[in-house]
Amino acid sequence: MSAASCLLTEDQFLCSICLDVFTDPVSTPCGHNFCKACISQHWDRNVQSQCPNCKEVFNIKPELQVNTFISEMAAQFRRSAQQKASSSSSSEQHVVKPGEVPCDVCTGTRLKALKSCLVCLESYCETHLEPHLTRAGLKKHQLIDPEENLEGRMCVKHDKLLELFCKTDQVCVCMLCTVSDHKTHDVVPLKEGYEGKKAELGKTEAETQQMIQKRRLKIEEMNRSVELSKEGADREIADGVQVFTALKESVERSQAELMDTIKEKQRETEEQAEGFIKELEQEVSELKKRSSEVEQLSRSEDQLHLLQSFTSLNAAPPTKNWTEVRVRPPSYEGTVVVGVTQLEETLRKQMKKLLEVELKRVQQSEVELKRVQQSEVEVTLDPDTAHPNLILSDDGKQVKVGDVRKNLPNNPERFDTSPNVLAKQSFSSGRFYHEVQVKGKTKWDLGVVRESINRKGQISLSPRDGYWLIVLRNENEYSACAGPGVRLSLKSQPQKVGVFVDYEEGLVSFYDVDAAALIYSFTGCCFKEKLYPYLSPCNKDGGKNSAPLIISPVNHTE
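This structure is a prediction, so every number in the text was calculated from the model and none was measured. (Residues numbered from 1 in each chain as written. Predicted model: local features only at pLDDT ≥ 70, side-chain atom pairs only at ≥ 80, totals over all residues. Heavy atoms only, no water.)

Draft legend 1. Spotlight on the layout of surface pockets. Its volume calculated, the largest pocket comes out at about 1,600 Å³. For the largest pocket, the lining is made up of 35 residues, of which Arg235, Glu236, Arg361, Ser489 and Lys491 are closest to its centre. Considering every element that reaches the lining of the largest pocket, the biggest residue donor is helix H6 (residues 190-298), with 10 residues. Partitioned by chemical class, the residues of the lining of the largest pocket number 15 nonpolar, 9 polar and 11 charged. In this structure, the second largest pocket occupies an estimated 1,200 Å³ of space. If you trace the second largest pocket, you find 36 residues lining it, with Glu221, Ile459, Ser460, Leu461 and Cys481 closest to the centre. Here the residues of the lining of the second largest pocket are counted per class, giving 13 nonpolar, 14 polar and 9 charged. (1 Å grid on protein atoms, 1.4 Å probe; cavity = no way out; pocket = protein on both sides within 12 Å on 5 of 7 lines; lining within 4 Å. Points joined across faces, edges and corners; volume = space filled by probe spheres on them. Helix = DSSP H or I, 4+ residues; strand = E, 2+ residues; numbered from the N terminus. Nonpolar A, V, L, I, M, F, W, Y, C, P; charged D, E, K, R; others polar.)

Draft legend 2. The arrangement of the sheet that holds strand S20 (residues 507-512) in detail. Ordered in space as S11-S12-S23-S14-S19-S20-S21, the 7 strands form an open sheet in which the pairing is antiparallel. This sheet does not close on itself; its edge strands, each paired only once, are strand S11 (390-392) and strand S21 (517-522). When strand polarity is set aside, the average angle formed by the axes of neighbouring strands in this sheet is 20°. Here S11 pairs with strand S12 (residues 398-401) via 3 bridges, running antiparallel. Bridge assignment links Ile391 to a residue of S12, and that residue is Lys400. (Pairing = 2+ DSSP bridges. Axes fitted to C-alpha atoms, helices over the stretch in contact; angles between N-to-C directions.)

Draft legend 3. Main features of the environment of Gly202. Locating Gly202 in the fold gives a position in helix H6. Since its relative accessible area comes to 38%, Gly202 is described here as partly exposed. Through-space distance from the C-alpha of Gly202 to that of Asp181 is 31 Å; in sequence the pair is 21 residues apart. (Buried < 20%, exposed > 50% of the residue type's maximum accessible area, 1.4 Å probe, protein only.)

Draft legend 4. Region of the structure containing the environment of Pro102. Among the secondary structure elements, Pro102 is positioned in the loop between helix H3 (68-87) and strand S5 (115-117). Pro102 gets classed as buried once you look at its relative accessible area, which sits at 16%. Considered as a pair, Pro102 and Tyr124 are 22 residues apart in the sequence and their alpha carbons are 7.7 Å apart. Sequence-distant contacts of Pro102, that is, excluding residues within four places in its chain, are made with Val96, Arg110, Leu111, Ala113, Ser123 and Glu148. (Contact = heavy atoms within 4.5 Å.)

Draft legend 5. Representation of empty space enclosed by the protein. Taken as a whole and judged by the stated rule, the model has 1 cavity of 30 Å³ or more. Roughly 30 Å³ of internal volume is contained in the largest cavity. Taken together, Trp444, Ile470, Val471, Tyr478, Ser479, Leu488, Leu490, Pro494 and Ile519 form the lining of the largest cavity. Every element with two or more residues in the lining of the largest cavity is listed here: strand S16 (467-473) and strand S17 (477-480).

Draft legend 6. Seen up close, the sheet that holds strand S13 (residues 421-422). The strand order across the open sheet built from 6 strands is S13-S22-S15-S16-S17-S18, with neighbouring strands paired in antiparallel fashion. In this open sheet, the two strands that pair with only one neighbour each are S13 and strand S18 (486-488). With 2 bridges connecting them, S13 and strand S22 (residues 531-536) associate as antiparallel partners. Along S22, the bridge assignment pairs Leu422 with Tyr534.

Draft legend 7. Summary view of the pattern of salt bridges. Scanning the entire structure with this criterion turns up 17 salt bridges. Where Lys157 meets Asp181, a salt bridge forms, and the shortest distance between an N and an O atom there is 2.9 Å. Separated by 24 residues along the polypeptide, Lys157 in the loop between strand S7 (143-144) and strand S8 (164-166) and Asp181 in the loop between strand S9 (171-173) and strand S10 (187-189) bring together distant segments of the chain. With a relative accessible area of 54%, Lys157 lands in the exposed category. (Salt bridge = Lys/Arg side-chain N within 4 Å of Asp/Glu carboxyl O.)

Draft legend 8. Seen up close, unusual backbone geometry. You will see that Ala516, though not glycine, has its phi angle at about 50°, which is positive. Along the chain, Ala516 falls in the loop between S20 and S21. Owing to a relative accessible area of 9%, Ala516 belongs among the buried residues under this scheme.

Draft legend 9. Seen up close, the packing of aromatic side chains. According to the stated counting rule, one finds 10 aromatic pairs in the structure shown. Taken together, the ring pairs connect Phe415, Tyr467 and Tyr534 into an aromatic cluster. It is Lys320 that lies over the ring of Trp322; its NZ or CZ is 4.7 Å from the centre. (Phe/Tyr/Trp six-rings, centres within 6.5 Å; stacked < 30°, edge-to-face > 60°. Lys NZ or Arg CZ within 6 Å of the ring centre and 35° of its normal.)

Draft legend 10. Seen up close, the pairing of S22. Here S22 lies mainly inside the structure; 6 of its 6 residues are buried. Side-chain alternation along S22 places Leu531, Pro533 and Leu535 on one buried face and Tyr532, Tyr534 and Ser536 on a second face that is also buried. With 6 bridges connecting them, strand S15 (residues 444-450) and S22 associate as antiparallel partners. What sits directly across from Leu446, in S22, is Leu535.

Read these as layout, nothing more, since geometry by itself doesn't imply function.
Encoded structure:
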């Protein structure tokens with residue numbers, strides 16, 4: 001038996017319906033062999049009893065009996081195949097583990113499936129997958145990575161493969177669905193629907209990543225704003241501590257001087273009184289002594305002695321006339337007032353010193369502004385770069401947003417999405433400076449850009465993308481587009497902004513011209529291309545932002 005089975009090919013033991021080794025094989029009158037259950041189910045589903053292979057029709061359904069010879073041969077072949085599979089490399093055949101998809105054909109020990117067939121709706125291990133890889137008819141079947149729920153790929157209504165996608169209802173359908181419930185709908189092949197949805201997912205993923213990036217940049221912007229706030233706070237605290245420490249020391253010094261003055265007056269009064277009292281006590285002592293002598297003599301009965309001694313008592317001891325002598329308490333009134341007045345003078349001097357420092361700082365800013373103004377250059381706007389909604393003045397010095405989009409050629413130089421415009425002039429060395437009037441505007445962008453910037457579609461305003469700008473948003477929200485943005489705290493709203501560039505130093509600075517104050521500086525820049533002045537009047541903001549940006553001549557004042 002074993003020798004005979006070796007002479008037969010694998011295909012001779014496979015049922016053409018289930019594509020597996022025969023189970024209870026039967027033969028039809030036309031001579032073809034099938035599993036008994038397979039051919040019985042096939043005939044039960046069809047009106048006519050027909051051979052699946054040669055299509056011969058049997059008017060009377062044949063009575064089928066199991067062919068014991070073929071059954072034994074098939075059993076022998078199955079055992080031989082299983083032994084062969086068991087002896088094959090363990091790296092190629094794996095017993096199915098929990099969570100893995102098992103082979104639907106294996107009996108006994110079930111192996112891990114390598115592929116699932118969307119036509120047969122079964123999963124196959126390496127051995128049972130072989131017919132799909134070798135037989136011409138089965139090679140056309142669509143194989144996918146193993147999946148357990150292959151029934152979920154069948155239409156529950158028509159028991160047909162879900163191979164189409166209804167774009168109208170956004171559901172997968174079978175062929176029969178297209179002639180019933182989805183007859184007038186937009187139906188496409190599953191692959192086309194898959195590719196469309198995959199493209200949508202790619203777009204959604206890109207948009208999500210862009211949203212993530214924007215929020216990360218916003219986080220960085222907020223962190224940077226907090227850092228700048230802390231730096232400013234630390235600086236002001238240090239200055240405040242210095243000033244108030246000096247004031248505190250001055251107050252304590254004035255208080256000590258006041259106390260010393262009062263105590264000194266009190267000490268002088270006490271010393272004067274002590275001197276007078278000592279002198280008075282001395283006179284009292286002398287007077288008591290004389291009084292005692294007078295009393296003793298007056299008690300004498302000796303007439304001669306009294307008369308002789310009286311002469312010596314007649315002269316009184318020298319004493320001072322104390323009638324006009326007074327110890328006058330000093331007046332303390334006004335002492336505190338004098339001390340406070342001196343403190344006020346100290347405070348005034350301290351304030352004067354602070355104002356001198358601030359004035360010096362302002363003067364330095366004015367000197368710095370005058371210095372950079374010496375690098376003034378001619379700047380006129382280039383209409384070939386202007387967004388179609390922008391209106392430029394004839395002299396190229398003013399720009400504002402219009403109500404109508406002009407029909408202009410979409411040349412590579414032109415901005416097509418954002419209302420921006422560049423100057424005609426470019427600079428690739430040295431220093432250059434120009435001023436722009438921003439009076440009456442609630443939004444604007446100003447700065448310089450490199451020649452190769454992106455001018456189409458969505459634009460990212462950062463030095464990394466070739467933009468060195470400061471912007472105004474919502475009337476008083478100033479920030480520098482430093483990637484992330486830096487929130488700027490300005491003492492006043494600039495009416496005219498000066499833009500200065502030192503190409504070799506990698507410096508871009510912005511000034512409030514009227515206040516002669518530095519607004520912000522980009523430092524450590526690395527310029528390798530031509531730089532162009534850049535202006536954006538932004539949208540009209542409901543009519544509040546209709547004023548133009550104006551390139552103004554520099555007023556060189558002495």
